[in-house]
Structures are given as structure tokens and as C-alpha cells.
Amino acid sequence: GAVVSQHPSRVICKSGTSVKIECRSLDFQATTMFWYRQFPKKSLMLMATSNEGSKATYEQGVEKDKFLINHASLTLSTLTVTSAHPEDSSFYICSAPDRRLVNYNEQFFGPGTRLTVL
Amino acid sequence: AQKVTQAQTEISVVEKEDVTLDCVYETRDTTYYLFWYKQPPSGELVFLIRRNSFDEQNEISGRYSWNFQKSTSSFNFTITASQVVDSAVYFCALSSSYNTDKLIFGTGTRLQVFP
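Residues numbered from 1 in each chain as written. Chains lettered and ligands numbered in written order. Predicted model: local features only at pLDDT ≥ 70, side-chain atom pairs only at ≥ 80, totals over all residues. Heavy atoms only, no water.

Q: Which residues make up the sheet that holds strand β1 (residues 4–7) of chain A, and what are the values?
A: Residues and elements named next belong to chain A. Strands sit in the order β1-β3-β8-β7 across an open sheet of four strands; the sheet is antiparallel. The sheet is open, and its two edges are formed by β1 and β7 (67–73), each paired on a single side. For this sheet the average axis-to-axis angle between neighbouring strands, irrespective of direction, equals 20°. The sheet contact formed by β1 and strand β3 (residues 19–25) spans four bridges and is antiparallel. Within the sheet, the bridge partner assigned to H7 lies in β3 and is E22. (Pairing = 2+ DSSP bridges. Helix = DSSP H or I, 4+ residues; strand = E, 2+ residues; numbered from the N terminus. Axes fitted to C-alpha atoms, helices over the stretch in contact; angles between N-to-C directions.)

Q: Before we move on, could you go through the state of the cysteines and cite the residues and values that matter?
A: The full count for this structure, using the stated rule, is two disulfides over all chains. Covalently, C23 of chain A is tied to C94 of chain A through a disulfide, its sulfur atoms 2.0 Å apart. Classification of the bridge connecting C23 of chain A and C94 of chain A rests on its S-S torsion, roughly 80°, and on that basis the disulfide is right-handed. Taken together, the residues C23 of chain A in strand β3 and C94 of chain A in strand β9 (residues 90–97) connect sequence positions 71 residues apart. Summarising the burial analysis for this pair, C23 of chain A and C94 of chain A share the class buried. There is a disulfide in this structure between C23 of chain B and C92 of chain B, and the S-S distance comes to 2.0 Å. (Disulfide = S-S within 2.5 Å. Buried < 20%, exposed > 50% of the residue type's maximum accessible area, 1.4 Å probe, protein only.)

Take a look at the structure:
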């Protein structure tokens, strides 16, 4: 199946700093990517839809100024957590559908990024 | 509103036991898709199955089988002869045919298989 990578896999930062997380589709182009957040032992919550060439679409309750999303190319989306605070600590996962497939809405997930804000 | 309920938070079994993970969904859409994903300790979600709401046939793939019942809005997942490698968190998810990309996840069931 298609491969999605994320970098970094783990990051620890001080409160007040900004952290950038990259999501890449390695062997296919993705005009759309999705960002999820997962709290410990909790479900995945969709944060936003990243659209190549246009603004991201945020889910209700997600602060767009806090979680900046940029879809720089057909294979790269970045999530920047600005002025991070301890409550932003979480597991962030991205996904992308490979439209070449018959099941064109099948999502391929990245391995996730664990963010810890001290 | 769409919702997925996985009532079982954690299940523990001994290797070779059969185990069924329950999934109940709510949707007003007439066409929708149901999914199961596996999340091993490494964290990466692994796609297991996708089911269209028009297809109520049960499916078997090796030791895995799925029972889709529209009448009870359930899409249960059974692992036969469980193995230690099956230990993971399993998520059931739902998407609408109007927005097939947006997945609504259940809260997950943590399965622990002991040797």
C-alpha cells in the first residue's frame, strides 16, 4: 500500500516554543491530507483537512492560529503548533488518501508524532 | 450526527481464544462506509477492512472476520485463534458517502493477548 511518513517521530519542547511536524506521501501525490490528534488511551480526533494550493479546513473547536497547516506541495503537509503549552502534548497523526486506488477514499496513516511540551 | 461506539474499553484473552470486538454506529446517511483499523504499540494505524453500507455480506480474511448487521447498526470484528501479535488497539470508524475522507473514529478497544 501507499506510504505516509512523519517527521519527527518524537519531540520534546519547552512551553512557548513552536514545533513543526511534517507529513509526507512517499510514493503518491496527495492533494488532501488530514491531521488527527490522539490523547492517551483515547480516540483519534480529526483536527483539520490540509488542501494543496488552498487554505486548510479546520474542525469545530480547533484553533487555526494555534495549529498552522501548510500544504506546500503535492507530497508534503506541515502542522505547526505555535506557542506550545503542556496541554498541547499529544500524539499527532496525519493521513492521506491515494486517489489512484479503486478504494479511493482509503486513508493511509503516518506513524505519528509524539509531542511533549514541558 | 454520526457516532461510533466501541463499548469494550479493554479485552484480555489467552492465546488461541476467539475474541469479538463490538462496534455500533449511528448515522442518518443512507450510504456510508465502515472501517476497522489496528493500532499496534508503535502507533501507526493499519487498515484492516472497508465496508460499503450496501454490502451486508460478512467477510473473512484469514483469522479475521467481520459481521455487518444493518438492522442493529453493528459492524463487529472477530479474531479467531488469537495470537500475541494481535495485541493492539482496534478502532472502528465511519465515513459518509458525502464526505468519504472524513473518518469518525470510535474510542477504540485495547486487546491484550497473553501467551
